[in-house]
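Working through the structure, step by step
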Amino acid sequence: MNGSSRIVAVLGPTNTGKTHYAIERMLGYRTGIIGLPLRLLAREVFDRIVAARGPSVVALVTGEERIVPPRAQYWVCTVEAMPEGMGADFLAIDEIQLCADPERGHVFTDRLMRSRGTHETLFLGADTMRGPIRALVPEVEFVRRDRMSQLVYSGSKKISRMPPRSAIVGFSVDNVYAIAELIRRQKGGAAVVMGALSPRTRNAQVALYQNGEVDYLVATDAIGMGLNLDIDHVAFSALSKFDGRRMRPLAPNELAQIAGRAGRGMSDGTFGVTGEAPKLDEGMAQAIMDSRFTPLKKLNWRNPDLRFGSVEALIDALEQAPKDETLLKARPADDLLALKTLSQQTEIMARASDVASVRLLWDVCRVPDFRGISHAEHASLLEVIFGHLHERGSIPNDFMARQIRRIDRTDGDIDTLSKRLAYIRTWTYVAQRNNWVADESHWRDETRAVEDRVSDALHDRLTQRFVDRRTSVLLRRLKQKEALLAEVNDKGEVTVEGEFVGRLEGFRFSPDKSAQGAEAKALKTASLQALAPQFHLRADRFYNAPDTEIDYTDQGGLMWGEYAVGKLVAGDDPMKPQVEVFVDEAAGPDVEQKVQRRLQHFIDRKVAALFEPLLNLSRDEELTGLARGFAFRMVEALGILPRAQVAQEVKDLDQDARGALRKHGIRFGQFTIFMPLLLKPAPTRLRLVLWSLSQGLQMFPDAPPPGLVTVPADVSAPKGYDTMCGYRTAGERAIRIDMLERLADMLRSEDSRGGFEAKPDMLSITGMTLEQFSVLMQGLGYNAERGEREKVKAKPEVDAKPAEADAKTEAPAEAAKVSEASTEDSPAETPVAEPEASADAIAADVKPEEAAPAEAPVETAKTRETAAPTEPEVEVFFTFTWGRNRQAGRGPRRDQKQGRGAPRGDKPQGKPRHKPGGKKGGAPKKGAKTFSSRPPKSDKPIDPDNPFAALMALKEGK
């Protein structure tokens, strides 16, 4: 080493211009080397020197990048990649305080002790290194540099209140992403900088921040290592980090290194905490502001004098302890751990049997674990690489091609691309090593191209996820009070500065749904500037629009086409709802009043059209007394009243009052009093909305589908919902009230006590199976007793026309009696009191049981052999009787006679007839009475000698 070499330690806090000073000193010499702590920082310094001297004389050497022109004079390197023995005129090591770093400190300590320039050597770093440098380099000169601007602690701030040009620091990838996402929603976006990013991605992200497209930077502690950014405030989201082995609190000097990024040049800066990070205590904050930290006493060291005679000798040399008390044995690094793992492999130990093989194995073990999957996975990859190098002298081209082709994809999200970037960095590092691949130039270009493509894709994903260019532009323009160019097209789509920001829906501006927080506020403020004239034009068009363009929803909303323009609110009268409009304040009171008047006219006309019978009832001045009071009850109930609720009022109405009410279409049913015209789908839908408003419901129940006689009962619906729908709940289902009244008319003629079966007409009007009908009847208060019996098959029809003609000729009296009985019975069903006889029996004037079947087949031996016995077919039937626990208005009264058991509603047309009911094929139930409206037949004339003849004659009216 030249004895005239000058060694200088330039120490001081951040923002003292140390790196800039070193670059200037290096360019004053013919050759020079500068070692930097990060690949990102090395790239930044490389670009600066290239801009000053040109690319032909500047080399860049990092673990993953090697740009070495033939006439290179100035070498910019990472500390680990610094070439040895070059004899450059100038040599500098930046961030020399990293000698105390537990992971990489031994590398910096080695450069401190053994690397020198022939004319000048500079060590740049924190003032805490003064003692160790003096102890290890006695000939060193110290130069103190003070900070060019002040650094002030500002306490804790919420991210939402973070000032522009701020950097928020996180100590994990997940934390950085979460903060960046929050800032995007509230501030328009943030650039992301992490040590794991490639220089290409990092530079693209920094450009977003430096160019002012975003005002915030979210980064790891990588920004603390000399990156020159325009930062006014640094905020820590945490005060501890994972150092590779455990979570540990950050030391004051580490916090100061990061906080010092605020306030570049002569501009003052501030630092503080945010999120869940606790406030700094006063002593620590003051120490950071004054740059007063505990001096370092121990530096990490690893023996540089390696022995490659065997793997065991190499491991022993690496684990050798230092003899100087200033030095501390470094903990095992990744390369040493990999070497120990591979030394346990028999095949590896067999290959590493000479000095060259051991040296090669050590070079392979020094490949960084960029992937970070696991120590075992990394060791397995190194084993494969060493096998190829030892056996073939280089890594095969097809193997390299397969590895790179698997990574060369740009699809996927941020995490996927980040993993691919970490994987390609491994092969980029391999390609940079001398003689490890057959065609070094090809594979270096290939890996660099793949890294650039993945880096660009990662930058795009980061920008898409964490930067909203539209919002950042709007926020900056609004802050600068610049006029914004906004437009509204005929579809209501609003654009500001050519960017879609939302749409005009009715009379309200709806910002783009992706906008939130400050972004949404900025969009709305900018957009409403262009909407003022549009509101008035739309209001005029809406006021003159026909009612067919306006409608109401089942939830009481008022729609103009596809846009909501208002909603219904409860008024003093259920039949007179009021309107609340949806109009932005920026539209003004004139537009709001015009929209309100138009909507009120619409709903008033809709009520008048659909509830015309009810409104006519309320305006009938001829109704007086009880009839007028009952009409008021009907209007108040929107046209449907359960009879049980007004049983006394109905009883008090005389026939004249009922007649007057019936003229308005009111039907007094057995279960419900209603107006049939109001059961149509349109009035029902509006009635539910008006009823829901009057009840103050938050969610309005929907109307049942139109045309259904029964629907499933909604047990969660509010009380009275089924009535407003025009239905009555009966068990698991609800039946339409008009069909229920028809069913009640049929049930009125049945024997409710003795028991009866369902008629086909009953099943027909309800649209139910027999099983479903039984459940419905139980819901109406009946008992349903299930039974089984042999099914009676219908007899085959015969051609009885001649016999019928003869029967009519011979027995006109019997035919007349049957006809007379038929006219007196109800039209629903004609009972059959006697078994039917065949036509041949009637023609022959014989008794039915004696008549032989027509055309009876002749039984033969063959038919007896082929005829198979058949089991009788069984059918299910139900017998219905009135339940004892009767509710008011839900069935026949106990004290009423059979056949008259149902509460009286409007009487059905025709006279009811009573058919005996029972279980066995319609036979009367044992012990039950039977009734018939048909007069008894006079089978025999009255015997004049009978002592009761006079009484019997009087009874018969004879």
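The rules behind each value
- Residues numbered from 1 in each chain as written.
- Predicted model: local features only at pLDDT ≥ 70, side-chain atom pairs only at ≥ 80, totals over all residues.
- Heavy atoms only, no water.
- Helix = DSSP H or I, 4+ residues; strand = E, 2+ residues; numbered from the N terminus.
- Buried < 20%, exposed > 50% of the residue type's maximum accessible area, 1.4 Å probe, protein only.
- Contact = heavy atoms within 4.5 Å.
- Areas by Shrake-Rupley, 256 points an atom, 1.4 Å probe, with all protein chains shown as cover.
- Pairing = 2+ DSSP bridges.
- Axes fitted to C-alpha atoms, helices over the stretch in contact; angles between N-to-C directions.
- Core = buried A, V, L, I, M, F, W, Y, C linked by side-chain atoms within 4.5 Å.
- Salt bridge = Lys/Arg side-chain N within 4 Å of Asp/Glu carboxyl O.
- Parallel < 35°, antiparallel > 145°, perpendicular 65-115°, else oblique.
- Nonpolar A, V, L, I, M, F, W, Y, C, P; charged D, E, K, R; others polar.
- Polar contact = N/O pair within 3.5 Å; in protein donor to acceptor, adjacent residues only side chain to side chain.
- Left-handed = near helix turned anticlockwise from the far one by under 90°.
- Phe/Tyr/Trp six-rings, centres within 6.5 Å; stacked < 30°, edge-to-face > 60°.
- Lys NZ or Arg CZ within 6 Å of the ring centre and 35° of its normal.
- pLDDT = per-residue confidence, 0-100.
- Expected span 1.5 Å × (residues − 1).
- Arc of directions from axis to C-beta.

So, about the overall build of the protein chain. For the protein chain, the count of helices and strands is 33 helices and 34 strands. Classification of the 958 residues of the protein chain by burial places 46% in the buried group. Taking all contacts inside the protein chain whose residues are at least 6 apart in sequence as the whole, residues at least 24 apart take part in 68%. When the accessible surface of the protein chain is split by element, carbon and sulfur atoms take 50% of a total near 49300 Å².

We now examine the sheet that holds strand β11 (residues 191-193). On the basis of which strands lie adjacent, the open sheet formed by six strands has the order β9-β16-β13-β10-β12-β11 and parallel pairing. The open sheet is flanked by β9 (151-156) and β11, the only strands paired with a single partner. Sheet twist, expressed as the mean angle between neighbouring strand axes with direction ignored, is 20°. As judged from the four bridges shared by β9 and strand β16 (residues 269-273), these two strands associate in the parallel manner. Along β16, the bridge assignment pairs valine 152 with threonine 270. Across the sheet, helix α5 (residues 173-187) touches β10 (166-169), β11 and β12 (216-219), and the angle it forms with β12 is around 165°. Across the face of the sheet, helix α7 (residues 252-259) comes into contact with β9, β10, β13 (233-236) and β16 while running at roughly 140° to β13.

Across the sheet, which stays open at both edges, the eight strands sit in the order β4-β3-β5-β2-β6-β7-β1-β8 with mixed pairing between neighbours. Edge strands, defined here as strands with exactly one partner in the open sheet, are β4 (66-67) and β8 (141-144). Judged from the four bridges that link them, strand β3 (residues 58-61) and strand β5 (residues 74-78) form a sheet pairing that is parallel. Paired with valine 58 across the two strands is tyrosine 74, which belongs to β5.

In this section: the nonpolar core. One finds Phe507, Leu599, Phe611, Leu617, Phe630 and Leu661 to be the most contacted residues of the largest nonpolar core, which totals 67 residues. Per-element accounting of this core gives the leading share, seven residues, to helix α19 (residues 589-610). Beyond its immediate stretch of four places on either side in the chain, leucine 617 contacts Leu623, Ala631, Met634, Val635, Leu661, His664 and Ile666. Counting 62 residues, the second-largest nonpolar core is a separate cluster that includes Ile179, Ala180, Ile183 and Met194.

With that out of the way, let us pick up unusual backbone geometry. Of note in this structure, arginine 165 is not a glycine but carries a positive phi near 60°. Assignment of secondary structure puts arginine 165 in the loop between β9 and β10. The phi dihedral of leucine 638 is positive, around 60°, even though this residue is not glycine.

It is worth spelling out the pattern of salt bridges at this point. Considering all chains together, one arrives at 53 salt bridges under this definition. Two residues, aspartate 215 and arginine 165, come together in a salt bridge whose shortest N-O distance is 3.4 Å. Here arginine 165 lies in the loop between β9 and β10 and aspartate 215 lies in the loop between α6 (199-210) and β12, a separation of 50 residues in the sequence. Relative accessible area serves as the criterion here: at 13%, arginine 165 is assigned to the buried category. Taken together, the shared-partner salt bridges in this structure form one network comprising Arg39, Arg43, Asp47, Glu64, Glu65, Arg425, Arg448 and Glu451.

Turning our eyes to something else, we now look at the packing of helix α14 (residues 397-407) against helix α16 (residues 440-466). Packing of α14 against α16 leaves a shortest axis separation of 10 Å and a crossing angle of 10°. In terms of axis orientation, α14 runs roughly parallel to α16. Listed contacts from α16 to Asn397, Met400, Ala401, Ile404 and Ile407 of α14 are Trp443, Glu446, Thr447, Val450 and Val454. Grouping the amino acids of the contact of α14 with α16 by side-chain chemistry returns seven nonpolar, two polar and one charged.

This part covers the side chain of arginine 111. Mapped onto the elements of the fold, arginine 111 is located in helix α3 (residues 105-114). Classification of arginine 111 as buried rests on a relative accessible area of 8%. Looking at arginine 111, its side chain comes within polar contact range of the side chain of aspartate 110, at 2.7 Å. Every residue in contact with arginine 111, bar those within four places of it in the chain, is listed here: Val79, Glu80, Met82, Glu84, Ile93, Arg116 and Phe123.

Contact geometry of α19 with helix α24 (residues 681-695) gives a least axis separation of 10 Å together with a crossing angle of 125°. Taken together, α19 and α24 sit at an angle that is classed as oblique. Two packed elements cross with a definite hand, and for α19 against α24 that hand is left-handed. Counting all contacts with α19, which are made through Ile603, Lys606, Val607 and Leu610, the residues of α24 involved are Ala682, Pro683, Leu686 and Leu690. Each residue belonging to the contact of α19 with α24 can be placed in one class, and the counts come to seven nonpolar, no polar and one charged.

Under the definition given, this model contains 14 aromatic pairs. When the ring of tyrosine 782 is compared with that of tryptophan 882, the centres are 4.8 Å apart and the planes differ by 80°; the resulting orientation is edge-to-face. One end of the pair, tyrosine 782, is in strand β33 (residues 782-790); the other, tryptophan 882, is in strand β34 (residues 874-882), and 100 residues separate them in sequence. Pairwise contacts between aromatic rings join Phe756, Phe773, Tyr782, Phe878, Phe880 and Trp882 into one cluster. Across the ring face of phenylalanine 142, the terminal group of arginine 130 is positioned such that the distance to the ring centre comes to 4.8 Å. Lying across the ring of tyrosine 552, arginine 685 places its NZ or CZ 4.2 Å from the centre.

The next thing to look at is the confidence of the model for the protein chain. With 80% of its residues at a pLDDT of 70 or more, the protein chain has an overall mean of 81. The low-confidence segment residues 953-958, where pLDDT is below 50, has four contacts with residues more than four positions distant or belonging to other chains.

The end-to-end C-alpha distance of α19, which contains 22 residues, comes to 32 Å, matching closely the 32 Å that a straight helix rising 1.5 Å per residue would cover. If you check which residues of α19 are buried, you get Val591, Val595, Arg598, Leu599, Gln600, Phe602, Ile603, Val607 and Leu610.

Here three bridges tie strand β30 (residues 710-712) to strand β32 (residues 733-736), and the two strands are oriented antiparallel to one another. Bridging across to β32, proline 712 finds its partner in arginine 733. Note that strand β31 (residues 727-730) and β32 share four bridges and pair antiparallel. Looking across to β32, one finds that tyrosine 727 is bridged to arginine 736. Taking the residues between adjacent antiparallel strands as the criterion, β31 and β32 are bridged by two residues, where glycine 731 takes a positive phi near 75°.

Next up on the list: the side chain of threonine 118. Tracing the backbone through its elements, the reader meets threonine 118 in the loop between α3 and β7 (120-125). In terms of polar contacts, threonine 118 uses its side chain to reach the side chain of aspartate 89, at 3.3 Å. Within polar-contact distance, the side chain of threonine 118 engages the side chain of histidine 119 at 3.1 Å.

Our focus in this paragraph is the environment of phenylalanine 542. By secondary structure assignment, the location of phenylalanine 542 is in helix α18 (residues 518-543). In contact with phenylalanine 542, not counting residues within four places along its chain, are Phe507, Ile550, Trp560, Val565, Val595, Arg598 and Leu599.

Here the focus is helix α10 (residues 334-342). Those residues of α10 lying buried are Asp335, Leu336, Ala338, Leu339 and Leu342. Across the axial projection of α10, the buried residues extend over an arc of 160°, all falling on one side. Considering only its buried residues, α10 is in contact with α9 (311-318), α11 (346-351), α12 (355-365) and α13 (375-392).

Here we take up the environment of glutamate 562. In this structure, glutamate 562 sits in the loop between β24 (557-560) and β25 (563-569). Overall, glutamate 562 belongs to the exposed group, its relative accessible area being 64%. Between the C-alpha atom of glutamate 562 and that of glutamate 505, which follows or precedes it by 57 residues, the distance is 8.4 Å.

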